[in-house]
Each structure stands twice: as C-alpha cells, then as structure tokens.
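Residue-level structural notes
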Amino acid sequence: MTKEQYERLSAPFRAPGRTRALLAVNTAIPLVCYVAYPLCLLLLLLRGDLRWAPVLLVPGISFVVVSLFRRLWNRPRPYEVLEIQPLIHKNTHGRSFPSRHVFSVFVIAMTLLWLLPPVGICFLLAGVVLSVCRVVGGVHFPRDVIAGALLGVLSGIIGYWLMSWPVYL
C-alpha cells in the first residue's frame, strides 16, 4: 500500500462522525470478543463441560505463538513507513505483522464456531469488519490483517481438530 492508496482508502472516513464511528467499531469488536471469551470459558467450567480445556488451550497457545512471532518478525506499521496521519492513533512502533487484534478476534470466533456455530459465524463477520477498520485506520497493512485472520482460523481448525481427535479413538 502506498501513501496515495491509503489517502484514497481512508478519505471517506475522515469526516468527524465517520471517524468516531470507525474508532467506536475498532474498540467495540475487540471488547465484545474479550468479554465473550472468558464468559464462555467460565460457563463451561461452571457446567462441568470438559471442553473448557481446549477452549483455554487453543487460543492461549496460539496467542503466545503469534505474539512471539510478531516480536521476532517486527514489521513496521503503515504510519511508520508511509508518513501518513492514521485515523487510529497509536504510539506503537513495529510489531505490525500479523495483526494481533484481528488474530484474537478470529481465534475467538473459531472457538465460538466450535461451541455455538451461529454465534461463531457472527464473530467471524465481526472479524472481517475489524480487519477493514485496522487497515482504514492506518495501523495495519492489508497483509497484516489477512495474516492475522488466516492464522486465527487455522489455529482454530488445527487446534480444535487436535484436541478432538482422541475422542474418536
């Protein structure tokens, strides 16, 4: 993405009301996910549902792996490279690839898809919206959010498959 491409992409969101809406969505989606996930885990524990272990381990291990990778890879953010004024203000330098916000929403969505498919689908759609917000907001390149989404989905698919396969023996 170039500075000119970012300027065109973000132009419709630079009106004050639209910027506030973008910021609200960028805050609300992760907040809903970060509240829904521990509540889901708590409900499983209180009900004695043994799926609490995969629900804890799959996102937890995946998050640690993605965080370590991000630290090692340490790619710059668009506002560091393109000399742009992002709509979402951050003071962070580097650690842009993959987007951990997007990854987190998608791995939580996969968790909910595994437990409650209709709810999981809603969270997957919210992850797509968040991905757009992060790019339009100027804090991630498209590759960052695509990688975060793919890693979240793959972590869910592989993790829940691995956690489920002993049941079929």
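Residues numbered from 1 in each chain as written. Predicted model: local features only at pLDDT ≥ 70, side-chain atom pairs only at ≥ 80, totals over all residues. Heavy atoms only, no water.

Here's the deal with the packing of aromatic side chains
In this structure the tally under the stated criterion is 4 aromatic pairs. Ring geometry for Phe69 and Trp73: centres 5.9 Å apart, planes at 10°, overall stacked. Of this pair, Phe69 and Trp73 both sit in helix α3 (residues 52-73), 4 residues apart, which is roughly one turn of that helix. Residue class for Trp73 comes out partly exposed when judged on its relative accessible area of 47%. On the basis of an interplanar angle of 50° and a centroid distance of 6.4 Å, the ring pair of Trp73 and Phe97 is categorised as tilted. Taken together, the residues span a long stretch of sequence, with Trp73 in helix α3 and Phe97 in the loop between α4 (78-81) and α5 (100-115) at a distance of 24 residues. Members of the aromatic cluster, joined through ring pairs, are Phe69, Trp73 and Phe97. (Phe/Tyr/Trp six-rings, centres within 6.5 Å; stacked < 30°, edge-to-face > 60°. Helix = DSSP H or I, 4+ residues; strand = E, 2+ residues; numbered from the N terminus. Buried < 20%, exposed > 50% of the residue type's maximum accessible area, 1.4 Å probe, protein only.)

Some details on the nonpolar core
Val55, Val102, Ile108 and Phe123 are the most contacted members of the largest nonpolar core, which totals 27 residues. Those elements that place two or more of their residues in this core are α2 (16-47), α3, α5, α6 (117-136) and α7 (142-164). Looking at which element gives the most residues to this core, the answer is α5, with 10 residues. Sequence-distant contacts of Val102, defined by excluding residues within four places in its chain, comprise Leu130, Ser131, Arg134, Val145, Gly148 and Ala149. (Core = buried A, V, L, I, M, F, W, Y, C linked by side-chain atoms within 4.5 Å. Contact = heavy atoms within 4.5 Å.)

Brief notes about the environment of Ser104
The topology assignment puts Ser104 in helix α5. Looking at Ser104, the relative accessible area reads 6%, which means it is buried. Placed 16 residues apart in sequence, Ser104 and Gly120 show a C-alpha to C-alpha distance of 13 Å. In contact with Ser104, not counting residues within four places along its chain, are Tyr34 and Phe63.

A word on the packing of α3 against α7
Where α3 meets α7, the closest approach of the two axes is 10 Å, and the angle between their N-to-C directions is 140°. Judged by the inter-axis angle, α3 sits oblique to α7. Relative to α7, the crossing made by α3 is right-handed. Facing Ala53, Pro54, Val55, Leu57, Val58, Pro59, Ser62 and Val66 of α3, the residues of α7 in contact are Leu151, Ser155, Gly156, Gly159, Tyr160 and Met163. (Axes fitted to C-alpha atoms, helices over the stretch in contact; angles between N-to-C directions. Parallel < 35°, antiparallel > 145°, perpendicular 65-115°, else oblique. Left-handed = near helix turned anticlockwise from the far one by under 90°.)

Considering the packing of α3 against α5
Put simply, α3 and α5 touch, their axes get as near as 10 Å, and they point 160° apart. It follows that α3 is roughly antiparallel to α5 by the angle criterion. Along this stretch, α3 crosses α5, giving a crossing that reads as right-handed. Counting all contacts with α3, which are made through Pro54, Val55, Pro59, Ser62, Phe63, Val66, Ser67 and Arg70, the residues of α5 involved are Arg100, Phe103, Ser104, Val107, Thr111, Trp114 and Leu115.

Quick word on the state of the cysteines
In the structure shown here, the tally under the stated rule is 0 disulfides. With no disulfide of its own, Cys40 has Cys33 as its nearest cysteine by sulfur position, at a separation of 12 Å. The exposure class assigned to Cys40 is buried, which follows from its relative accessible area of 14%. Sulfur of Cys122: no disulfide; nearest cysteine sulfur belongs to Cys33 and is 11 Å away. (Disulfide = S-S within 2.5 Å.)

Side note on the side chain of Ser131
The residue Ser131 is located in helix α6 in this model. Overall, the relative accessible area of 11% leaves Ser131 in the buried class. If sequence neighbours within four positions are ignored, Ser131 has contacts with Val102, Phe106 and Val145.

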